[in-house]
Amino acid sequence: MGRRLAAKITGVACHVPPRVMTNADLEKIVETSDAWIRERTGIMERHVVDQGVAASHLAAEAAKKLLAQTHTAPEEIDLIIVATVTPDMMFPATACLVQDRIGARRAWGFDLSAACSGFVYAVTVGAQFAAAGTHKKVMVIGSDVMTSILDYQDRATCVLFGDGAGAALLEQAGSDSEGILDFHNDVDGSGGCNLYMPGGGSLHPPTHETVDARMHYVHQEGQQVFKYAVRRMADVAAGLLERNGFTGKDLSLVVPHQANLRIIRAMQQRLGVEDAKVLINIDRYGNTTAATIPLGLQEAVEQGRLRRGDLLMIVAVGAGFTTGGMLMRWAY
Ligand SMILES: CC(C)(COP(=O)(O)OP(=O)(O)OC[C@H]1O[C@@H](n2cnc3c(N)ncnc32)[C@H](O)[C@@H]1OP(=O)(O)O)[C@@H](O)C(=O)NCCC(=O)NCCS
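Computed from a prediction, not measured in an experiment: that's the story for all the values here. (Residues numbered from 1 in each chain as written. Predicted model: local features only at pLDDT ≥ 70, side-chain atom pairs only at ≥ 80, totals over all residues. Heavy atoms only, no water.)

### Points about the packing of helix α8 (residues 222-243) against helix α9 (residues 261-271)
Here is step 1 of the chain: One way to put it is that α8 packs onto α9 with a least axis distance of 9 Å and a crossing angle of 35°. You can see that α8 and α9 cross each other, and the crossing is right-handed. Taken together, the residues of α9 that come into contact with α8 (itself represented by Phe226, Ala229, Val230, Arg231, Met233, Ala234, Asp235, Ala237, Ala238 and Leu241) are Arg262, Ile263, Ala266, Met267, Arg270 and Leu271.
Here is step 2 of the chain: The class makeup of the residues in the contact of α8 with α9 is twelve nonpolar, no polar and four charged. (Axes fitted to C-alpha atoms, helices over the stretch in contact; angles between N-to-C directions. Helix = DSSP H or I, 4+ residues; strand = E, 2+ residues; numbered from the N terminus. Left-handed = near helix turned anticlockwise from the far one by under 90°. Contact = heavy atoms within 4.5 Å. Nonpolar A, V, L, I, M, F, W, Y, C, P; charged D, E, K, R; others polar.)

Next comes the structure, spelled out in structure tokens:
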């Protein structure tokens, strides 16, 4: 049985910082090579912020573009959900900073922490309010400045990530033939130790010792994450198709989380979907955590690869471990 939500995405807009860091730039910082990064991850370059630019800044830029594109006044926004693991600060929530910056006077909001599954989780949550009709316009944002928590002495991790933000507008769906057909989200907390930032929270508040021990950076067991992601991305996507009576052939487009090209290809093979139906932009952005899926959606719309009525799958695995997948009929 599918879990339909009578909500639809009615606009997507993104913002990435202008500065580009290529693999060649990274060769100057850590012992790595363009060839290794391309072969093992599919990444060629990523966008990175300048000092002083935080998740709320990228998020607000994406939000402003979304308002302009959808001809929405800031006062019309009822709720702002920001998915991020790199908030400007512990509190207030990034959503509050964005609310102020874009002038969304009537909106309430909060942050949601689900790492790379953040956008899928945020759409799932926001869609409940749109579907219920209690909130007419819900803004969902995925924004991460991963470079603020990367250890540029850890070559296995620092080459993977980039910075960016994407915002989507959610509204009530008018009919059964548009919007969210089904979703599946889950958590396996036993995998938390494979991808985390140990310092800075209530367990290890910042001290000179925690900084010296490099605890305020991403720590990752890459192979464990890789194995989990390969299995779960494919399982969740295949499961969603099956329980809704679809096969890979019915899909118009898959916009997967962009963590590693090899993870995406493994999922694609399992679904039996051809290359043209899988959005890949990891080569230009790297892994932007909560922003990968909206970046992919925007690109697909711009390129005419995603049109009204198309059957779309979005799917992600992230730190937690968190997993999220959603099947929808594109509505604009
Ligand atoms: C991180 C990742 C790219 C590493 O790829 P891998 O093929 O598993 O590589 P391994 O960890 O087995 O390392 C292979 C070798 O490459 C080396 N290596 C690691 N990073 C390197 C780099 N940037 N440049 C050059 N060599 C590197 C390792 O030191 C190792 O060398 P060794 O064999 O001499 O010990 C891969 O595990 C991955 O993508 N994991 C998932 C990460 C992810 O998606 N995270 C976000 C979750 S949403």
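Here the narrative resumes.
### Some details on the site of the ligand
Here is step 1 of the chain: In the region of the ligand, 22 residues are neighbours, and Thr32, Arg40, Gln220, Gln223 and Asn260 sit closest.
Here is step 2 of the chain: Contacts to the ligand include Arg262, whose side-chain N or O atom sits 3.3 Å from an oxygen atom.
Here is step 3 of the chain: For the ligand, whose accessible area on its own is 960 Å², the fraction buried by protein is 73%.
Here is step 4 of the chain: Placement of the ligand is best described as lying within the second largest pocket.
Here is step 5 of the chain: For the shell around the ligand, the elements supplying multiple residues, two or more each, are α2 (34-41), α6 (155-158) and α8.
Here is step 6 of the chain: With four residues, the single largest contributor to the shell around the ligand is α8.
Here is step 7 of the chain: Per-class residue counts for the shell around the ligand are ten nonpolar, eight polar and four charged. (Near = heavy atom within 4 Å. Polar contact = N/O pair within 3.5 Å; in protein donor to acceptor, adjacent residues only side chain to side chain. Areas by Shrake-Rupley, 256 points an atom, 1.4 Å probe, with all protein chains shown as cover. 1 Å grid on protein atoms, 1.4 Å probe; cavity = no way out; pocket = protein on both sides within 12 Å on 5 of 7 lines; lining within 4 Å. Sits in = over half its atoms within 2 Å of the grid points.)

### A short note on the sheet that holds strand β6 (residues 138-145)
Here is step 1 of the chain: Strand order across the open sheet formed by five strands is β1-β7-β6-β4-β5, with mixed pairing between neighbours. The strands lining the two open edges of the sheet, one partner per strand, are β1 (7-15) and β5 (108-112). This sheet shows a mean twist of 20° between the axes of neighbouring strands, independent of strand direction.
Here is step 2 of the chain: Strand direction decides the pairing type here: β1 and strand β7 (residues 163-172), joined by eight bridges, are antiparallel. (Pairing = 2+ DSSP bridges.)

### Digging into the packing of aromatic side chains
Here is step 1 of the chain: Counted according to the given criterion, the structure contains four aromatic pairs.
Here is step 2 of the chain: Between Trp108 and Phe129, the ring centres sit 5.6 Å apart and the planes meet at 75°, which makes this aromatic pair edge-to-face. With Trp108 in strand β5 and Phe129 in helix α5 (residues 118-132), the pair connects residues that are 21 residues apart, well separated along the chain.
Here is step 3 of the chain: With a centroid separation of 4.1 Å and 15° between ring planes, the pair formed by Tyr228 and Phe321 is classed as stacked. Note that Tyr228 is positioned in helix α8 and Phe321 in the loop between β12 (311-318) and β13 (322-329), a separation of 93 residues in sequence. Note on accessibility: Tyr228 and Phe321 belong to one class, buried.
Here is step 4 of the chain: Taken together, Trp108, Phe110 and Phe129 form an aromatic cluster joined through their ring pairs.
Here is step 5 of the chain: Over the face of the ring belonging to Phe183 we find Arg3, whose NZ or CZ atom lies 4.6 Å from the ring centre. (Phe/Tyr/Trp six-rings, centres within 6.5 Å; stacked < 30°, edge-to-face > 60°. Buried < 20%, exposed > 50% of the residue type's maximum accessible area, 1.4 Å probe, protein only. Lys NZ or Arg CZ within 6 Å of the ring centre and 35° of its normal.)

### Quick word on the environment of Gly192
Here is step 1 of the chain: Structurally, Gly192 can be placed in the loop between β8 (179-187) and β9 (195-196).
Here is step 2 of the chain: Exposure remark for Gly192: the relative accessible area of 22% places this residue in the partly exposed category.
Here is step 3 of the chain: Note: C-alpha distance between Gly192 and Ala167 (25 residues apart in sequence) is 27 Å.
Here is step 4 of the chain: Contacts of Gly192, omitting those with residues within four sequence positions, involve Gly320 and Phe321.

Taken by themselves, the reported measurements are silent on function.
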